[in-house]
Amino acid sequence: MKKFLVSAVLVLLCSTALFASKVEGKWFTTIETDNGPFSFSSEFVVAGDKITGTLASDMGSVEITDGKITGDEFEYSFLIEYNTIKHKGKVIDGKLIIKTSGSYGDSEFTMTREKKE
């Protein structure tokens, strides 16, 4: 039983590390808003089960807070004008599918990884 438990913990740690490496790096998206298209990038840094980094656009940047990875899912928040915006995401087919919620309502968007030149 102890061998099984140790094996299960090792598999979980390895899968979390593999998933984390899929999230880390720079990602881009453009979303449609009432004011037209809005493009921004995310730069994720992963250490263990924690995510930090920044979200940036032409309007400036914000720091990611409360970031974590659990299994194959991740979540983080950031603050804009005293409003906390929460994100929950998952890597699917090499893209990030992210659901967001805040005082403005809920939405979903897809991010693609920065292409190396």
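A brief look at the structure comes next.

Analysis parameters
- Residues numbered from 1 in each chain as written.
- Predicted model: local features only at pLDDT ≥ 70, side-chain atom pairs only at ≥ 80, totals over all residues.
- Heavy atoms only, no water.
- Pairing = 2+ DSSP bridges.
- Helix = DSSP H or I, 4+ residues; strand = E, 2+ residues; numbered from the N terminus.
- Core = buried A, V, L, I, M, F, W, Y, C linked by side-chain atoms within 4.5 Å.
- Buried < 20%, exposed > 50% of the residue type's maximum accessible area, 1.4 Å probe, protein only.
- Contact = heavy atoms within 4.5 Å.

**Here we look at the pairing of strand β7 (residues 83-92)**
Walk down a regular strand and you will see the side chains alternate between the two sheet faces.
Here's step 1: Two strands pair when backbone bridges link them, and strand β6 (residues 73-80) and β7 are joined in this way by eight bridges, in the antiparallel orientation. Residue pairing in the sheet places F78 in a bridge with I85 of β7.
Here's step 2: What sits between β6 and β7 in their antiparallel hairpin is a turn of two residues, with E81 showing a positive phi close to 45 degrees.
Here's step 3: Judged from the seven bridges that link them, β7 and strand β8 (residues 95-102) form a sheet pairing that is antiparallel. Bridged to G89 within β8 is I98.
Here's step 4: As consecutive antiparallel partners, β7 and β8 are separated by two residues, and within that stretch D93 has a phi angle of approximately 50 degrees, a positive value.

**Thoughts on the nonpolar core**
Here's step 1: Among the nonpolar cores identified, the biggest contains 18 residues, and F44, F74, Y76 and L96 are the most heavily contacted of them.
Here's step 2: Among the secondary structure elements, those contributing two or more residues to this core are β2 (36-47), β3 (50-57), β6, β7, β8 and β9 (105-113).
Here's step 3: Other than its neighbours up to four places away in sequence, L96 contacts V23, W27, F44, F74, K90, V91, F109, T110 and M111.

Read these as geometric descriptors, not functional statements.
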